[in-house]
Amino acid sequence: MDANSPTAPAASKVPPAFFEQKVTWVHHWTEKLFSFRCTRDPHFRFVAGQFVMIGLMVEGKPLVRAYSVVSAPWEEEIEFLSIKVQNGPLTSRLQHVQVGDSVLIGRKPTGTLLTENLLPGKTLFCFATGTGLAPFMSLIREPEVFEKYDRVVVQHTVREVAELAYRDFITKDLPEHELLGEMVAGKLLYYPSVTREPFPVQLRSTALIESGKLCADLGLPALSPETDRVMMCGSEAFNADMIPLLEARGFVEGNNSNPGSFVVEKAFVTK
Ligand code: A2P
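Focus on the pattern of salt bridges
Between side chains of opposite charge, pairing is possible as soon as their charged atoms come close. All told, the structure shown has six salt bridges when counted by the stated rule. Of the charged contacts, one joins Glu79 and Arg37 as a salt bridge, the two residues approaching to 2.7 Å between their closest N and O atoms. Note that Glu79 is positioned in strand β5 (residues 78-83) and Arg37 in strand β2 (residues 33-38), a separation of 42 residues in sequence. Owing to a relative accessible area of 27%, Arg37 belongs among the partly exposed residues under this scheme. Across the salt bridge formed by Lys172 and Asp168, the nearest N and O atoms sit 3.3 Å from each other. Of the two residues, Lys172 and Asp168 are both situated in helix α4 (residues 167-176); the distance of four residues between them amounts to about one turn of the helix. Judged by its relative accessible area of 46%, Asp168 is partly exposed.

So this is what it looks like as structure tokens:
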């Protein structure tokens, strides 16, 4: 059938809620984890910490999921971190994207992991499991975050060492970055933990908080809602276990209408 004929399937038409962008870079961290970058429409604006619906056209329809943006708002391209689930409707396909392929990027980023949803504080603790690291990769490249906080802690917990995505970027490249290096040096504290392989720290975030080990190892006072602010991004089970721990310590959840002492991202891709 002639693709231009009026009877051609509306199939290939990108719905108006999305930008069609081109993949420019793909990196596979492990069999279950990859990152990719794509071009950025000049009209695509977002705030560090936000997520957006992204995906592919499948059988003429957009197949999309919520993904936090990894790249910083000032960067030219947009980057995402994804799991690969072999029978996952989207990630079973998305994992095969290659440079030059088209992807859909939603026009309306949103989300709760914004510094404006937190009351002023001294130390910002960012807790992530797995791909939950993504929004924090954007936040730690946002100068405003370092203007607001004396310290920013990124606590990333994964099952296997190879899943510590962006570890070299955080520990090596970022401190040497021409513009951001000085700002993050001394302020950014990275604390990785690996639960199912030998590693210097082999505890879940929950255990790191309950035992006081995280703060002790970083030379910080015990976690307190007086001075500390918390952002978290991970699985539902992780949120369910983390929230009571924080609430028991007097932390109050913030959102887009009321700032608080902690915020949680509930949109998280598991398929
Ligand atoms: P663990 O290996 O002890 O299950 P997942 O891939 O299941 O989302 O897990 C990613 C990381 O998050 C793993 O290190 C896992 O630890 C940890 N994790 C999973 N569930 C929780 C939870 N409820 N609270 C804290 N950490 C969790």
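There's plenty left to go through after this.
Observations regarding the site of the ligand
The environment of the ligand is made up of Thr129, Thr157, Val158, Arg159, Thr195, Arg196, Arg204, Thr206, Ala237, Phe238 and Asp241. Taking Ala237, its main chain carries an N or O atom lying 3.1 Å from a nitrogen atom of the ligand. Taking Asp241, its side chain carries an N or O atom lying 2.8 Å from a nitrogen atom of the ligand. Expressed as a share of its isolated accessible area of 540 Å², the protein-covered part of the ligand is 81%. Residue assignment for the shell around the ligand shows that the elements contributing at least two residues are β8 (151-158) and α8 (236-248).

Re the sheet that holds strand β1 (residues 18-30)
The strand order across the open sheet built from six strands is β4-β3-β6-β1-β2-β5, with neighbouring strands paired in antiparallel fashion. The open sheet is flanked by β4 (61-68) and β5, the only strands paired with a single partner. Within the sheet, the average angular offset between the axes of one strand and its neighbour, ignoring direction, is 40°. Across six bridges, β2 lies against β5 in antiparallel orientation. When the sheet's bridge partners are listed, Cys38 is paired in β5 with Ile78.

Remarks on the side chain of His156
Secondary-structure assignment places His156 in strand β8. Within the structure, His156 has its side chain in polar contact with the backbone oxygen of Gly130 (distance 2.8 Å). Setting aside residues up to four positions removed in sequence, His156 forms contacts with Ala128, Thr129, Gly130, Leu133, Glu163, Leu164, Ala165, Tyr190, Tyr191, Pro192 and Ser193.

Here we look at the sheet that holds strand β7 (residues 123-129)
Strand order in the open sheet formed by five strands is β9-β8-β7-β10-β11, with parallel pairing between adjacent strands. Edge positions in the open sheet fall to β9 (188-194) and β11 (262-265), since each of these has one partner strand only. Averaged over neighbouring strand pairs, the angle between their axes works out to 15° when direction is ignored. Both strand β10 (residues 228-233) and β11 contribute to a ladder of four bridges, which runs parallel. When the bridges of β11 are listed, Cys233 appears paired with Glu265.

Cut-offs and rules
Residues numbered from 1 in each chain as written. Predicted model: local features only at pLDDT ≥ 70, side-chain atom pairs only at ≥ 80, totals over all residues. Heavy atoms only, no water. Salt bridge = Lys/Arg side-chain N within 4 Å of Asp/Glu carboxyl O. Helix = DSSP H or I, 4+ residues; strand = E, 2+ residues; numbered from the N terminus. Buried < 20%, exposed > 50% of the residue type's maximum accessible area, 1.4 Å probe, protein only. Near = heavy atom within 4 Å. Polar contact = N/O pair within 3.5 Å; in protein donor to acceptor, adjacent residues only side chain to side chain. Areas by Shrake-Rupley, 256 points an atom, 1.4 Å probe, with all protein chains shown as cover. Pairing = 2+ DSSP bridges. Axes fitted to C-alpha atoms, helices over the stretch in contact; angles between N-to-C directions. Contact = heavy atoms within 4.5 Å.

Any functional reading would require information beyond the geometric quantities listed.
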